[in-house]
Amino acid sequence: MHVLIGKRQIMLAALVVMLGLAVFVNWYYTNNNAQLFPEGAADAGNTAENSDGAAMFTSAEEEDEYFASVKLQRTASQSAAIEELEAVLASSDAAVEDVQSVSEKIAALTAAAKAEGDIESLVTAQLGGNCIAVIGDNSIDVIISPSKLNGSSVLVISDIINNVVGDTYENVRIAAALS
């Protein structure tokens, strides 16, 4: 008489059980209804007056206001810097070297502003939510909505940065906004 359960059937059953366990673990850790802070201590009475520096939960309206205010401040500071540089260009005392240096600085500022806008537009289009990109001397900081930050979004943002500016920046930091 043949053996009813062979080695292949045992291996197949073990693989099915492991696959089922993997699916369960994946479902358990990606369940959107799970409470991150079941005790509720993180958002209980946490206001600007009694905040101890910990992250606070905010509404979508507050988040939108935060991103809008940061973009407005950035635009104002960029405009002021360009106006100061253009004032140097307009002065009759400027030497040829100064004019060339100021022209290069203006070109760098406008290129950085364009790259920031391109990064923000592409990240918003691909991930949704809000985004701010800030380009420094040798770094790029990208701040996105906390709900949009995960492993795959970091890869998407890194790919967007490489496509927009290439490998010209050494330090790229991607973070969630804590407003």
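Residues numbered from 1 in each chain as written. Predicted model: local features only at pLDDT ≥ 70, side-chain atom pairs only at ≥ 80, totals over all residues. Heavy atoms only, no water.

A. Local environment of the overall build of the chain. Tallying secondary structure elements over the chain gives 4 helices and 3 strands in all. Shown N-terminal to C-terminal, the secondary structure of the chain runs as helices and strands in the order α-α-α-β-β-α-β. Scored against the burial criterion, the 179 residues of the chain give a buried share of 18%. Considering only contacts in the chain between residues 6 or more positions apart, those separated by 24 or more positions represent 58%. Entry remark: accessible area of the chain is about 12900 Å², with carbon and sulfur atoms responsible for 58%. (Helix = DSSP H or I, 4+ residues; strand = E, 2+ residues; numbered from the N terminus. Buried < 20%, exposed > 50% of the residue type's maximum accessible area, 1.4 Å probe, protein only. Contact = heavy atoms within 4.5 Å. Areas by Shrake-Rupley, 256 points an atom, 1.4 Å probe, with all protein chains shown as cover.)

B. Quick peek at the packing of helix α3 (residues 96-127) against helix α4 (residues 151-165). The N-to-C vectors of α3 and α4 enclose an angle of 145°; their axes lie 10 Å apart at closest approach. Regarding α3 and α4, the two cross each other, and that crossing is right-handed. Contacts between α3 and α4 involve Ala115, Asp118, Ile119, Leu122, Val123, Gln126 and Leu127 on the former and, on the latter, Ser153, Val156, Ile157, Ile160, Ile161, Val164 and Val165. (Axes fitted to C-alpha atoms, helices over the stretch in contact; angles between N-to-C directions. Left-handed = near helix turned anticlockwise from the far one by under 90°.)

C. Examining helix α1 (residues 7-29) more closely. Under the 1.5 Å per step criterion, the end-to-end length of α1 is 33 Å for 23 residues, consistent within 8% with the ideal 33 Å. A small share of α1 lies buried, amounting to 0 of its 23 residues. (Expected span 1.5 Å × (residues − 1).)

D. Spatial organisation of the nonpolar core. If you look at the biggest cluster of nonpolar residues, it comprises 15 residues, and the most contacted ones within it are Val123, Val142, Ile157 and Ile161. Contributions of two or more residues to this core are made by α3, β1 (131-135), β2 (139-144) and α4. By residue number, the principal contributor to this core is α3, which donates 5 residues. When sequence neighbours within four positions are dropped, the list of residues in contact with isoleucine 161 reads Ile119, Ile140, Val142, Gly166 and Val172. (Core = buried A, V, L, I, M, F, W, Y, C linked by side-chain atoms within 4.5 Å.)

E. Region of the structure containing the confidence of the model for the chain. Across the chain, the average pLDDT comes to 75, with 78% of residues at 70 or higher. Within the model, pLDDT remains below 50 along residues 34-55, and this stretch shows 11 contacts once partners closer than five positions in the same chain are excluded. (pLDDT = per-residue confidence, 0-100.)

F. Here's a closer look at the pairing of β1. The buried fraction of β1 is high, at 4 of 5 residues. Across 5 bridges, β1 lies against β2 in antiparallel orientation. Residue pairing in the sheet places cysteine 131 in a bridge with isoleucine 144 of β2. The turn joining β1 and β2, which pair antiparallel and follow one another in sequence, is formed by 3 residues. (Pairing = 2+ DSSP bridges.)

G. How the structure looks around the pairing of β2. Bridge count between β2 and strand β3 (residues 171-176): 6 bridges; the pairing is parallel. Paired with isoleucine 143 across the two strands is alanine 175, which belongs to β3. Between β2 and its parallel partner β3, the chain crosses via α4, and the hand of that crossover is right-handed. (Right-handed = clockwise from strand over helix to strand, strands pointing away.)

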